[in-house]
Amino acid sequence: MGKYGVGILVDRDLKELVVDVKRENNRLIFIKLVVGGLTLSVISAYAQQAGLDEKVKRNFWENLDEVVRGIPHTEKLFIGGNFNGHSGESAGGYGDVHGEFDFGVRNEGGTSLLAFAKAFDLVVTNSCF
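Residues numbered from 1 in each chain as written. Predicted model: local features only at pLDDT ≥ 70, side-chain atom pairs only at ≥ 80, totals over all residues. Heavy atoms only, no water.

Caption draft 1: View of helix H2 (residues 108–119). For H2, which comprises 12 residues, the first-to-last C-alpha distance of 16 Å matches the rise-based estimate of 16 Å (1.5 Å per residue) to within 8%. Listed as buried for H2 are Gly-109, Gly-110, Leu-113, Leu-114, Phe-116 and Ala-117. Along the axis of H2, the buried positions cluster into a sector of 160 degrees, meaning they face one direction only. Just past H2, the residue Asp-121 takes up positive phi, approximately 55 degrees. (Helix = DSSP H or I, 4+ residues; strand = E, 2+ residues; numbered from the N terminus. Expected span 1.5 Å × (residues − 1). Buried < 20%, exposed > 50% of the residue type's maximum accessible area, 1.4 Å probe, protein only. Arc of directions from axis to C-beta.)

Set out below in structure tokens:
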């Protein structure tokens, strides 16, 4: 598994609302919280950096795909993390998931993120910090 890994920080007041924690691998972890009858699934992800083996990158996206497919549609989903990509300043074919609030030029990692968001009907909210 490796000695490094992703994690999720949870407010002390929400700790008791966590009903499930699953670490998929050192790059994916998710928790479920039940808040006022609403189930929230929160995923923390860390994609491989540019220049690494394509098989390793593809494996990350396949693992994330599997985790997301395992979450019932009745639950609210939040995915945060570092996807090691630039989604670019223009939506360029991804207007339904890209709010044009980023900067620079889209790269391969950004395209992967946008394609993933589109496939699962998600939106990229804040990719600039």
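And the narrative resumes.
Caption draft 2: Expanded view of the sheet that holds strand E3 (residues 38–46). Reading across the sheet, the 4 strands line up as E1-E2-E3-E4 and stay open at both edges, with mixed pairing between neighbours. The open sheet has two free edges, formed respectively by strand E1 (18–25) and strand E4 (76–82), since each of these has just one partner strand. In this sheet, adjacent strand axes meet at a mean angle of 15 degrees when their direction is disregarded. In terms of strand pairing, E1 meets strand E2 (residues 28–35) through 6 bridges, oriented antiparallel. In the strand pairing of E2, Lys-22 is matched with Phe-30. (Pairing = 2+ DSSP bridges. Axes fitted to C-alpha atoms, helices over the stretch in contact; angles between N-to-C directions.)

Caption draft 3: Structural view of the nonpolar core. In this structure, Leu-28, Ile-43, Phe-60, Trp-61, Leu-64, Phe-83 and Phe-116 are the most contacted members of the largest nonpolar core, which totals 20 residues. Of all the elements in the fold, those that place two or more residues in this core are E2, E3, helix H1 (54–69) and H2. Sort the elements by how many residues they give to this core and H1 lands first, with 5 residues. Once residues lying within four places of it in the same chain are set aside, the contact partners of Phe-83 are Ala-45, Ala-47, Phe-60, Trp-61, Leu-64 and Leu-113. (Core = buried A, V, L, I, M, F, W, Y, C linked by side-chain atoms within 4.5 Å. Contact = heavy atoms within 4.5 Å.)

Caption draft 4: Molecular detail of the environment of Asn-82. Along the polypeptide, Asn-82 turns up in strand E4. Linking Asn-82 and Arg-27, residues 55 residues apart in sequence, is a C-alpha distance of 9.8 Å. Excluding residues that lie within four positions of it along the chain, Asn-82 makes contacts with Ala-45, Tyr-46 and Ala-47.

Caption draft 5: Fine view of H1. Under the 1.5 Å per step criterion, the end-to-end length of H1 is 22 Å for 16 residues, consistent within 8% with the ideal 22 Å. Buried positions along H1 lie against E1, E2, E3, E4 and H2.

Caption draft 6: Region of the structure containing the pairing of E3. Pairing between E2 and E3: 8 bridges, direction antiparallel. Within E3, the position partnered with Val-35 by the bridge is Leu-38. A loop of 2 residues connects E2 with E3, the two strands running antiparallel in sequence, and Gly-36 in this loop sits at a positive phi of about 55 degrees. As paired elements, E3 and E4 share 7 bridges and run parallel to each other. Residue pairing across strands places Ser-44 opposite Gly-80, the latter belonging to E4.

Caption draft 7: The side chain of Ser-44, seen in detail. Within the element layout of this structure, Ser-44 appears in strand E3. Residue Ser-44 is classed as buried on the basis of its relative accessible area, which comes to 12%. Among the polar contacts made by the side chain of Ser-44, one reaches the main-chain carbonyl oxygen of Gly-7 at a distance of 3.2 Å. (Polar contact = N/O pair within 3.5 Å; in protein donor to acceptor, adjacent residues only side chain to side chain.)

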